[in-house]
Amino acid sequence: MGFDVEKIRNVAVIAGGGAGKTSLVEAVLFDAKATGRLGTIEEGNTVTDFEPEEMHRKNSLSSSLACSDWKGHRLNLVDTPGFINFLEDTKCCLSAVDGAVVVVGARVGVKAETVKVWQYADDYEIPRVIFLNKMDRENANFQNALEGIEQSFGMTAVPLNIPMGAESSFEGIIDLLKMKAVTFKSGSPVEGEIPESLKEEAEDYHRQLIEKVAESDDTLLEKYLEGSDLTEEEIHEGIMQGTLSRAFVPLVCGSATENIGVQQLLDTILFCLPSPAAKAAKTPVKGTNPKNGDEVVRNPEPGAPVSLRVFKTLADPFAGKLTIFRVFSGTVKSDSALFNATRDSKERMGNMFYLLGNKQTPVKEVGPGEIVAVAKLKDAQTGDTMCDAAHPVLFPPVQFIDPMISYALDPKSRGDEEKVSSGLQRLLEEDPSLKFHRDMESKEMILGGMGQMHLEVTLEKLKRKFGVEVIMKTPKIAYRETIRASSSAQGKYKKQSGGRGQFGDCWIKIEPLTRGGGFEFVNQIVGGAIPRQYIPAVEKGIVEKMKEGLIAGYPVVDMKATLYDGSYHNVDSSEMAFKIAGSMGLQKAVQTAKAVILEPIVNVEVNTPEEFLGNVIGDLNAKRGKVQGVDSMAGGAQKVNAQVPMAEMLTYANQLNSLTSGQGMYTMESSHYEEVPSHIAQKLIDEKEEAKKEG
Ligand SMILES: Nc1nc2c(ncn2[C@@H]2O[C@H](COP(=O)(O)OP(=O)(O)OP(=O)(O)O)[C@@H](O)[C@H]2O)c(=O)[nH]1
Ligand SMILES: [Mg+2]
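These numbers were taken from a predicted model, which means no experiment stands behind them.

How each quantity is defined
- Residues numbered from 1 in each chain as written.
- Chains lettered and ligands numbered in written order.
- Predicted model: local features only at pLDDT ≥ 70, side-chain atom pairs only at ≥ 80, totals over all residues.
- Heavy atoms only, no water.
- Helix = DSSP H or I, 4+ residues; strand = E, 2+ residues; numbered from the N terminus.
- Buried < 20%, exposed > 50% of the residue type's maximum accessible area, 1.4 Å probe, protein only.
- Contact = heavy atoms within 4.5 Å.
- Areas by Shrake-Rupley, 256 points an atom, 1.4 Å probe, with all protein chains shown as cover.
- Lys, Arg positive; Asp, Glu negative; His and termini not counted.
- Charge placed at Lys NZ, Arg CZ, Asp CG, Glu CD.
- Donors = N, O, S within 2.8 Å, 3.2 Å for Na, K, Ca; no water.
- Pairing = 2+ DSSP bridges.
- Axes fitted to C-alpha atoms, helices over the stretch in contact; angles between N-to-C directions.
- Salt bridge = Lys/Arg side-chain N within 4 Å of Asp/Glu carboxyl O.

Turning our eyes to something else, we now look at the overall build of the chain. For the chain, the helix and strand inventory stands at 17 helices and 36 strands. Each principal axis of the C-alpha distribution contributes one length, and for the chain these read about 105 × 60 × 60 Å. Within the chain, buried positions represent 55% of all 695 residues. For the chain, the share of sequence-separated contacts (at least 6 apart) that also reach a separation of at least 24 residues comes to 72%. Working note: accessible area of the chain is about 30300 Å², and carbon and sulfur atoms make up 48% of it. Computed over 78 positive and 98 negative side-chain charges, the inter-centroid distance for the chain is 9 Å.

The subject of this paragraph is the coordination of the magnesium ion (ligand 2). The protein atoms donating to the magnesium ion (ligand 2) are Thr22 (OG1) and Ser60 (OG), with metal-donor distances spanning 2.0 Å. Placement of Thr22 in helix 1 (residues 21–31) and of Ser60 in the loop between helix 2 (52–57) and strand 2 (64–70) is noted, with a sequence separation of 38 residues between them. Considered together, Thr22 and Ser60 belong to a single accessibility category, that of buried residues.

We now examine the sheet that holds strand 9 (residues 180–185). Spatial ordering of the open sheet is given by 7-8-9-10, a layout of 4 strands whose pairing is antiparallel. The sheet is open, and its two edges are formed by strand 7 (161–164) and strand 10 (188–192), each paired on a single side. Neighbour-to-neighbour, the strand axes of this sheet turn through a mean angle of 30°, independent of strand direction. Pairing between strand 7 and strand 8 (residues 172–175): 4 bridges, direction antiparallel. Pairing of Asn161 across the sheet is with Asp175, part of strand 8.

Time to look at the pattern of salt bridges. Per the counting criterion, the structure on display carries 32 salt bridges. Measuring nitrogen to oxygen at the nearest pair gives 3.6 Å for the salt bridge that ties Lys693 to Glu690. Placement of the pair is Lys693 and Glu690 together in helix 17 (residues 678–694), with a separation of 3 residues, close to one helical turn. Here Lys693 falls in the exposed class, since its relative accessible area comes to 67%. Among the ionic contacts, a cluster of salt bridges with common partners joins Glu51, Glu53 and Arg464.

Encoded structure:
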């Protein structure tokens, strides 16, 4: 039977790579007695990093779900990846939870990726608490970390506890609500009095806490200003409301691997982060009726029509597909027949399971707010909305960004193309941020993703799960072509050989459009110079030619073509002849239209310790980058913003590593297209010529 919707907490654990998310989830599961052993990243035996690729890389590469119970509540934790290449997955998970724990390492502070996932959480209006982790590490400094957090997130952080000791002498926390010291004996909390040496500091933080809570609520503020003490209940309520409205973010500290402060985090989750009901009361769950576009609101009630969102898919060659979803309303049974509003198809549910990493516990029926997996759905894919067919609803789709990088794939053994392609299709279902297609011209298989590591991991999975190996060939950059001047030309196709001939004749004018303008076709034929039925054929000929490219084989963009004159033949004219004429006209017009090649430019944000700043900037300049600003961050880190051609950034992860002794971080997102310098344009044109000769 389902869980009481007030007693559920769906929480994503989010942060940049290495902050300790997986270790934290591991400690939670141990404390909640969902597991009997505290696994570690080093030994590769954690519950949520169960894929072999994750174990040997010591990184989470995809999200995973762990359901457990804590003090009469159901906790559905989603351990998300933090490495930049995998954040699309994290984004998708945030569409399915009601709250998040943001993990920050006490020594390194807030990384660029953490700011990114923080923004994703903003997009979904997700209330958060911060877990300041790794207080046991050398150079862990509570005060510095706190300042850095407020600066990076632009939000007041309210500590609910402070550390007792630091680095190797970190032994516990001071609970600022109860004003008690809590030390840990093999993970178990022992409550005691606050040591004399920390009393003043604790009083100080306690006062600040009460002030911040009071400020967030007018009635509390009034009471506080009148000099009355707030009750424990009022303080709890104030913190909860402040968290929900995101007036501030509560912060607790600890150490995941030492299992210190983890139970306090769980208690904080219970009273600060909303249940599905409280979240929906604050931010109603809205979608549209796919039949008429009307807005639909779904309440988290067991008797309401079913609505759910798929936020993760696992492909297993043996067990089949596993689809993980969050129920927003209604009750789902293993034999429910549902409507997939995203794909417009009907589908029957199957066996459902609660998940603890890769361990499954069967369940027959789940209610609103629950997160479960279902086996062997056919159509459903990550991001889809499924619902009661009689009460259809479509939730806003998760917007995935386009691939940053693409490689051509070469199967190791000839004849494996089919296997590669079918295996990748399955992996694409797992990971919507991958794109796979066969290049029409070169016939190559092209795999696109968020970065080199993303593709490497995908191919490793392809080998493990589907038994085929491929080699990645030089990355493809998505160059484009365009024109810089207007020109006009005639395209005339005439063939007279034996029987029926071919005749098509058109005059077209081409003009540049602004960047991002795409393609426009204008028909200015008057007086039937070309019969109406042939005009779409001319456009088709132009569009097909544009796809093939004009000078170096890249698709043409930002161009307007006007068809303004032509002639036809009563017998010999045909659609085919006009299509060819259109394409010939464009080819000719281009000769005087100053065709150029465009390259994708990316926005890059690099975080580096000050000592490597010179190296980083010098390198970006050498990459034809334009540095746009340098900002000082907390703890002496520097943030560099730059725009750099994508082509120069293909192996940046490794380069930045060696430039900064492994301490630099970066994020990258596509920005716009710019004309390539002429020497590079020439190189690309030559490459095209070479390919033609070999072809
Ligand atoms: N000393 C110390 N080390 C920790 C603590 N928490 C995590 N670590 C270590 O930090 C490293 C990264 O921990 P993970 O749990 O993999 O971090 P993550 O945030 O899941 O990283 P990604 O999955 O790559 O995003 C591992 O070597 C952990 O053992 C902590 O509280 N103290
Ligand atoms: Mg992890």
